[in-house]
Amino acid sequence: MAVERTAVNPVTWSLDVGFNQGEVVSGQSRTLYISGQTATSDDGKPQHEGDMAAQLALSIDNLEAVLSEAGMSLADLVRLNVCTTDVDLLLQHYGGLAGRLGAAGVAPASTLLGVTRLAVPGLLVELEGTAVA
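Computed from a predicted model, the values in this text were never measured in an experiment.

Student: Honestly, the sheet that holds strand β6 (residues 125–132) in this entry has me stumped. Any pointers?
Tutor: Across a sheet, strands are paired by hydrogen bonds formed along the backbone, either parallel or antiparallel in direction. Spatially, four strands are ordered β3-β6-β4-β5 in an open sheet, and the strand pairing comes out mixed. Each having just a single partner strand, β3 (31–37) and β5 (109–114) make up the two edges of the open sheet. Mean inter-strand twist for the sheet, computed between neighbouring axes without regard to direction, equals 10 degrees. When β3 meets β6, the two strands line up antiparallel, connected through five bridges. When the sheet's bridge partners are listed, Leu 32 is paired in β6 with Ala 131. Strands in contact with helix α2 (residues 87–103) are β4 (77–84), β5 and β6; relative to β4, the strand with the most contacts, it is inclined by about 155 degrees.

Rules of the game
Residues numbered from 1 in each chain as written. Predicted model: local features only at pLDDT ≥ 70, side-chain atom pairs only at ≥ 80, totals over all residues. Heavy atoms only, no water. Pairing = 2+ DSSP bridges. Helix = DSSP H or I, 4+ residues; strand = E, 2+ residues; numbered from the N terminus. Axes fitted to C-alpha atoms, helices over the stretch in contact; angles between N-to-C directions. Contact = heavy atoms within 4.5 Å.

This is the structure:
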């Protein structure tokens, strides 16, 4: 059965920044719950200390790696949670994330949270998602 996604947007301002208020998914066959992905190397070492743009890009790469391993892509994301230690700095670089989601033709339901710190000191951003295919 094919997956059908229906955007739910009682208001439309969120579309301008790249996310839907909600998504109804029906006909679902597989769901992938993705742990927080950060700017770490393959051996788990933090990368790009102090560089939000580079950390965000590597976090997206790592998110895509998990999706790919499951036979999915960014196009299958229905939910994306973003945690950051500096919301204002992240927003300056948010276009990198929005651009990659837009290129995949997806606007997942999203939450952006400012946190005191992430699990590993020096990391600035973490991406957690849910994908359905």
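Next comes the rest of the description.
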